[in-house]
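Descriptive analysis of the structure
Spelled out from the first residue to the last, the chains are:
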Amino acid sequence: MSNFPFLSVLTVAPLVGALVVAFLPRHRPELAKQVAFVWSLLVLVLSVVMWVSFKADGQRFQFRESYSWIPDWGVSFTFAADGIALVMLMLIAVLVPLVILASWHDAESSKRSVPVYFALLLVLECTMIGVFAAADVFLFYVFFEVMLVPMYFLIGSYGGHQRQYAAVKFFLYSLVGGLFMLAAVIGLWVAGGKTFDWQKLSEIDISTGTGRWLFLGFFLAFAIKAPFFPFHTWLPDAGGAAPAGAAALLVGVLDKVGTFGILRYCLPLFPEASKWFAPWALALGVIGIVYAALLAVGQNDLKRLVSYTSIAHFGFIGVGIFAFTTQAGTGAVLYMLNHGLATGLLFLVVGMLISRRGSALISDFGGAGKLVPVLAGVLFFAGLASLALPGTAPFISEFLVLIGTFTVNKPVAIIATLGIILAAAYVLWMVQRTTQGTLNPKLTEVDGMRRDLNLREKVVVAPLIALILLLGFFPKPVTDVINPAVQATMDDIGRTDPAPSVGTVQEARR
């Protein structure tokens, strides 16, 4: 199966499924849902086969394909995946079927076309796979920009309160970031000998001044997409207005394009500029951790609260990337995966609560666990995973980031640790105000609050809970895939892990 064109098929398959679903009759919404779900399962099965076929001890980039596109510009449809991209592709393949199941009635409540809603989810899956699989800089840029379109319509047409404002703000922020990237892509093409092939560009020595400007263009685009402080203000609005399933993909996957882009493009292509800018990036990371956590504590809207927690988590990922150690780098990539699972689960569960209550305001809940104990229990688990409780997958990621950063930059690691304390505050406060304490009498008057998790919803949350626990106790299958790619990235920028001190070595020998 090593010669099978996994990446091109994975990219095209959801697009074909989207076309099929979009043209199904509007008066048969159940058929559209079923076709979309089955199609996403086929993508998941193919992704699992690709994961099994990947050789962790093999070449850095595998499943390489290249098809000529615009020869005069040196542009081609080139796909390849290293361990970092492979992990993100698996995250997409796992989340999309669960989001489709969780969104079963979302389009109906918006009174818009059901087939179009699920077709947009499949188009979004196509663009997400393409952006992580692309090994041509121009192709990456195309997917980076096109990815905005389905999410814009998912927010603007199927979202909640202030959806138009949130959709336009999301689009404009991302478009501005895309313009910075476009300028950097053109500059890279000129400086790199008129090629967009990542492999060829990584072997070119770019001058210091040019490299720093190009790095800045890419970094600004990725910082907005991630989002890092102070480019984060679009996320709470977009996450708060988007349907819960779309918000889970927005925060769980789309935002990872920013951190993935830094790892794939900024660090290997501009190693000197990356090291030069690292102190500033670390500063932005720790500010984002503390600032977003403080804002999360003060939120009364459930989805906006979860969005702010994600900004804090992206601060940890940024710190892990720019610490330039293999431990912190592996922790950052693992954090990208585990954050997608934990926050995806949290968004989906919050969406289930909101659909029952008809409100996203925390003050409209209170004691809901007495009416929906299973749903309340899943919310509590998702919250504990979000605050990185030991035994859950995010704990491993956070621990690796902090210990890897501490070896090279103790002040940054210490300040970042404050985020753990604040995370406990905003998560436990959210759980206490929504599901614990005295029962809000108004909840008993809401018919939806008398329904606990049904079978479909249990099928949605069960795989995510299982993965979060499995990777919390046994992350080795994933870290074995990630480690070689992270080590290769560290080699690209000429960084090695600091050697242990003499005292540490002597203590270890004892």
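Anyway, here's the lowdown on the structure attached to this text. Keep in mind the model is a prediction, meaning the values are calculated, not measured.

1. Section: the overall build of the chain
Counting its secondary structure elements, the chain contains 22 helices and 2 strands. Scaling as 2.2 N^0.38, a compact globule of 510 residues should have a C-alpha radius of gyration of about 24 Å, and the chain matches this with 22 Å. With the C-alpha coordinates aligned to their principal axes, the bounding extent of the chain is approximately 70 × 60 × 40 Å. Across the 510 residues of the chain, 59% fall into the buried class. Put simply, of all contacts in the chain between residues at least 6 apart along the chain, 81% involve residues at least 24 apart. Here the chain carries 33 positive and 28 negative side-chain charges, and the mean point of each set is 6 Å from the other.

2. Thoughts on the layout of surface pockets
Reported here for the largest pocket is a volume of approximately 940 Å³. Contributing to the lining of the largest pocket are 41 residues, with P243, A244, K303, I354 and S355 lying nearest its centre. Those elements that provide at least two residues to the lining of the largest pocket are helix 4 (106-110), helix 7 (148-158), helix 8 (163-191), helix 11 (234-241), helix 12 (244-254), helix 15 (302-322), helix 16 (326-357) and helix 20 (455-473). A per-class count over the lining of the largest pocket returns 14 nonpolar, 16 polar and 11 charged. Here the second largest pocket is characterised by a volume of approximately 260 Å³. In this structure, the second largest pocket is lined by 13 residues; those nearest its centre are W51, L337, L467, L471 and V478. Listing elements by their share of the lining of the second largest pocket, those giving two or more residues are helix 3 (83-102), helix 16, helix 20 and helix 21 (476-492). The dominant element in the lining of the second largest pocket, judged by the number of residues it contributes, is helix 3, at 4 residues. Residue classes in the lining of the second largest pocket are distributed as 13 nonpolar, no polar and no charged.

3. Quick notes on unusual backbone geometry
Cis geometry is found at the peptide bond from A226 to P227, where omega equals -5°. Among the secondary structure elements, P227 is positioned in the loop between helix 10 (208-225) and helix 11. In this model, F229 is joined to P230 through a cis peptide bond whose omega is 5°. In this structure, P230 sits in the loop between helix 10 and helix 11. The residue F63 is not glycine, and still its phi comes out positive at about 60°. For F63, the location among the structural elements is in strand 1 (residues 62-70).

4. Examining the packing of aromatic side chains
Enumeration over the complete set of coordinates arrives at 33 aromatic pairs. An aromatic cluster of at least three residues, connected via ring pairs, comprises F215, F219, F228, W276, F277, F322 and F324. The aromatic ring of F144 is capped on one face by K225, whose charged end is 4.9 Å from the ring centroid. Stacked on the ring of F406, the Lys or Arg K410 has its end atom at 5.1 Å from the ring centre.

5. What about the packing of helix 11 against helix 15?
The N-to-C vectors of helix 11 and helix 15 enclose an angle of 140°; their axes lie 8 Å apart at closest approach. It follows that helix 11 is oblique to helix 15 by the angle criterion. Relative to helix 15, the crossing made by helix 11 is right-handed. Contacts from L235, P236, D237, G239, G240 and A241 of helix 11 reach helix 15 at K303, R304, S307, Y308, S310 and I311. Classifying every residue of the contact of helix 11 with helix 15 gives 5 nonpolar, 4 polar and 3 charged.

6. Quick look at the side chain of T78
Note on placement: T78 falls in strand 2 (residues 75-81). On the accessibility criterion, T78 (0% relative accessible area) is buried. A distance of 2.5 Å separates the side chain of T78 from the side chain of S76, its partner in a polar contact. Excluding residues within four positions of it along the chain, T78 makes contact with R64, E65, S66, A133, A134, A135, D136, L139 and D197.

7. Notes on the environment of A56
Looking at the element boundaries, A56 is found in the loop between helix 2 (29-53) and strand 1. Residue classification places A56 among the partly exposed residues on the basis of a relative accessible area of 32%. With 193 residues separating them in the primary sequence, A56 and L249 have C-alpha atoms 27 Å apart. If sequence neighbours within four positions are ignored, A56 has contacts with D480, V481 and P484.

8. Let's talk about the nonpolar core
Within the largest apolar cluster, 191 residues are counted, with the highest numbers of intra-cluster contacts made by F140, F218, F219, L267 and F322. When residues in this core are grouped by element, the largest group, 17 residues, is from helix 16. In this structure F219 touches F228, I262, C266, F277, A281, L284 and F322, once residues within four positions along its chain are discounted.

How each quantity is defined
Residues numbered from 1 in each chain as written. Predicted model: local features only at pLDDT ≥ 70, side-chain atom pairs only at ≥ 80, totals over all residues. Heavy atoms only, no water. Helix = DSSP H or I, 4+ residues; strand = E, 2+ residues; numbered from the N terminus. Rg over C-alpha atoms; globule rule 2.2 N^0.38 Å. Buried < 20%, exposed > 50% of the residue type's maximum accessible area, 1.4 Å probe, protein only. Contact = heavy atoms within 4.5 Å. Lys, Arg positive; Asp, Glu negative; His and termini not counted. Charge placed at Lys NZ, Arg CZ, Asp CG, Glu CD. 1 Å grid on protein atoms, 1.4 Å probe; cavity = no way out; pocket = protein on both sides within 12 Å on 5 of 7 lines; lining within 4 Å. Points joined across faces, edges and corners; volume = space filled by probe spheres on them. Nonpolar A, V, L, I, M, F, W, Y, C, P; charged D, E, K, R; others polar. Phe/Tyr/Trp six-rings, centres within 6.5 Å; stacked < 30°, edge-to-face > 60°. Lys NZ or Arg CZ within 6 Å of the ring centre and 35° of its normal. Axes fitted to C-alpha atoms, helices over the stretch in contact; angles between N-to-C directions. Parallel < 35°, antiparallel > 145°, perpendicular 65-115°, else oblique. Left-handed = near helix turned anticlockwise from the far one by under 90°. Polar contact = N/O pair within 3.5 Å; in protein donor to acceptor, adjacent residues only side chain to side chain. Core = buried A, V, L, I, M, F, W, Y, C linked by side-chain atoms within 4.5 Å.

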